[in-house]
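Observations on chain architecture
Read off the chains here:
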Amino acid sequence: MTQTADDILKNLDLTAAELSGGSRAVRSPIDGSTLAEVHDTAASEMPAILERAQSAFKAWRVVPAPRRGELIRLLGEELRAAKDDLGALVSWEAGKITSEGLGEVQEMIDICDFAVGLSRQLYGLTIASERPGHSMRETWHPSGPVGVISAFNFPVAVWSWNAALAIVCGDPVIWKPSEKTPLTALACTKIFERAVNRFDDDAPEGLLQTLIGDAELGKVLVASPSVPVISATGSTRMGRAVAPVVAERFGKCILELGGNNAMIVAPSADLEMAVRAIVFSAVGTAGQRCTSLRRLIVHNSIREDLVKRLKAAYAGLPVGDPQAEGTLVGPLVDEAAGDAMTSALKAAESEGGTVHGGARVTEGVPAGGVYMAPAIVEMPGQSASVKEETFAPILYVMGYDDFEDAVEMQNDVPQGLSSCVFTLNMREAESFLTAAGSDCGIANVNIGPSGAEIGGAFGGEKETGGGRESGSDAWKSYMRRQTNTVNYSAELPLAQGVKFDI
Ligand code: NAD
């Protein structure tokens, strides 16, 4: 039997006092019901929060990194134990289907495992000195408190990408989750506390602090000079507001903003595989992933066939209660998201597009949620509305004749997050991954643009913000680099052969 949201919140240690009497009503996208009324963090509490983060930093930065990794190992264990509850809460609060809610928690577990290994591999370099009797090296030190601002659509994974790395790197975290998903944030904070309670006594108070509130509270965090790194995930509009404020005070930004991701389907593509990849990445999470497939650029010789196959696949898509078995398309987050989808479809029509699907679904779905049939829109070209990210399941289809033109079209949008090509032609596949190919942070061959693994650096170029999180060497953004030169000789030679005898 499905547990109620109340049961799950209790399992995750949230108390009645935390869940009631507050000014922020949390509603479920599934049926619009109120899940809780949580308490906002007052802006007046910020000075104490920032001070606590500073004290935590002073204590944590001198704890050996492998020991810091042990805390994240425990966090991974606690996440494994809480996976079903937290996954279900993601579904209640963000409207994801059950397996995607669980998948998000699995991603958290994976990044914890990655960060534990990393805690023994925060490697610097040794560098050849040009001076005799000198050695040079590069070391990495903790930066200081990291402010994490996250979006509603990955309410828990994005926090863990940042927090697991920041904490092994020696940085406390101040987290401002989306105002639409405070419950999953409070639940993660409790799970983190479980790990801290098992971590003997050297985890300082204030290692993780979670702020509940909207953009106004986020602005206070972003403007705080004692927070050297701001990692902000959300819309390009948000990034445009955040980046200059952080730059003004010479802080560092990790920006993970909007995407407008494309797939090129070449004549040699395995179309059956392509259809599966297209449907998952265009309608999964009801098109509310930053990496959702939004643009399909298809060779004109196979365009009609592919659209026919897609229309058939879309016709059978189960739209409805995300917690019901078999559902593949859950609700949009709120009414505004439904309205944005409807107006984007109208705009596409006015630009010459032919819309298939896209209507509001009211039958066989829970009342009070915003359920939309995913849409395929055949476009005459890449017009204005195609170049915008609409956070909904809309797939624009455009044709091409020449592969180079297809790559140009893929690149000709303001965003640069994820991209892919379906082809069995080695020349096309390899050229897509070169300097003259895709201009995105992520470029794939024969898989869709969404569902990245944590091992790679995640992020994108242009209006996507340029930040990288998660795997590879993304950890370097959470640390400061220091170049050390040591003179172990009895002479004082100057670099570049400069003579300065006194
Ligand atoms: P949003 O921009 O409305 O909000 C994101 C977060 O930013 C929220 O916590 C919000 O309170 C905060 N915020 C907004 N304005 C702010 C300001 N001026 N100062 C400080 N904080 C501010 O985004 P959303 O609707 O929650 O999420 C959807 C968007 O996020 C989409 O554009 C999607 O592509 C993007 N996204 C990107 C990634 C990525 O990794 N590139 C991942 C997930 C989501």
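Per an unreviewed UniProt entry, the protein chain goes by the name aldehyde dehydrogenase (NAD(+)) and belongs to Tritonibacter scottomollicae. UniProt annotates the protein chain under Subunit (unreviewed entry) with the comment "Homotetramer." Its UniProt record, at the heading Sequence similarities (unreviewed entry), says of the protein chain: "Belongs to the aldehyde dehydrogenase family."

Concerning the environment of V445
You can see V445 is positioned in strand β17 (residues 442-445). By relative accessible area, which is 29% here, V445 ends up partly exposed. Sequence separation of V445 and Y400 is 45 residues, and the distance between their C-alpha atoms is 18 Å.

Considering the site of the ligand
Taken together, 29 residues sit near the ligand, with K176, E179, S235, L257 and E389 positioned nearest. Contact distances for the ligand include 2.6 Å between an oxygen atom and a side-chain N or O atom of E179. Contact between the ligand and E256: an oxygen atom at 3.4 Å from a side-chain N or O atom of the residue. Here the ligand loses 91% of its free accessible area of 860 Å² to cover by the protein chains. Secondary-structure elements contributing two or more residues to the shell around the ligand are α8 (215-222) and α9 (236-248). Among the elements that line the shell around the ligand, the one with the most residues is α8, at four residues. Residues belonging to the shell around the ligand are distributed by class as follows: 14 nonpolar, nine polar and six charged.

Focus: the pattern of salt bridges
For the coordinates displayed, the defined rule picks out 24 salt bridges. In this structure, E216 engages K219 in a salt bridge whose closest nitrogen and oxygen atoms are separated by 3.0 Å. Here the residue E216 and the residue K219 both occupy positions in helix α8, the gap between them amounting to three residues, near one helical turn. When its relative accessible area of 48% is taken as the criterion, K219 is described as partly exposed.

Here we look at the nonpolar core
Among the nonpolar cores identified, the biggest contains 78 residues, and L75, L86, W159, V173 and L183 are the most heavily contacted of them. A per-element tally of this core places helix α4 (residues 65-94) first, with 12 residues. Setting aside residues no more than four positions away along its own chain, W159 makes contact with L75, M108, V173, W175, C188, F192 and L208. Core analysis: the second largest hydrophobic core is formed by 56 residues, A262, A269, L271 and F432 among them.

Each value, and the rule that gives it
- Residues numbered from 1 in each chain as written.
- Predicted model: local features only at pLDDT ≥ 70, side-chain atom pairs only at ≥ 80, totals over all residues.
- Heavy atoms only, no water.
- UniProt positions renumbered as here; feature names shortened; annotations may be inferred.
- Helix = DSSP H or I, 4+ residues; strand = E, 2+ residues; numbered from the N terminus.
- Buried < 20%, exposed > 50% of the residue type's maximum accessible area, 1.4 Å probe, protein only.
- Near = heavy atom within 4 Å.
- Polar contact = N/O pair within 3.5 Å; in protein donor to acceptor, adjacent residues only side chain to side chain.
- Areas by Shrake-Rupley, 256 points an atom, 1.4 Å probe, with all protein chains shown as cover.
- Nonpolar A, V, L, I, M, F, W, Y, C, P; charged D, E, K, R; others polar.
- Salt bridge = Lys/Arg side-chain N within 4 Å of Asp/Glu carboxyl O.
- Core = buried A, V, L, I, M, F, W, Y, C linked by side-chain atoms within 4.5 Å.
- Contact = heavy atoms within 4.5 Å.

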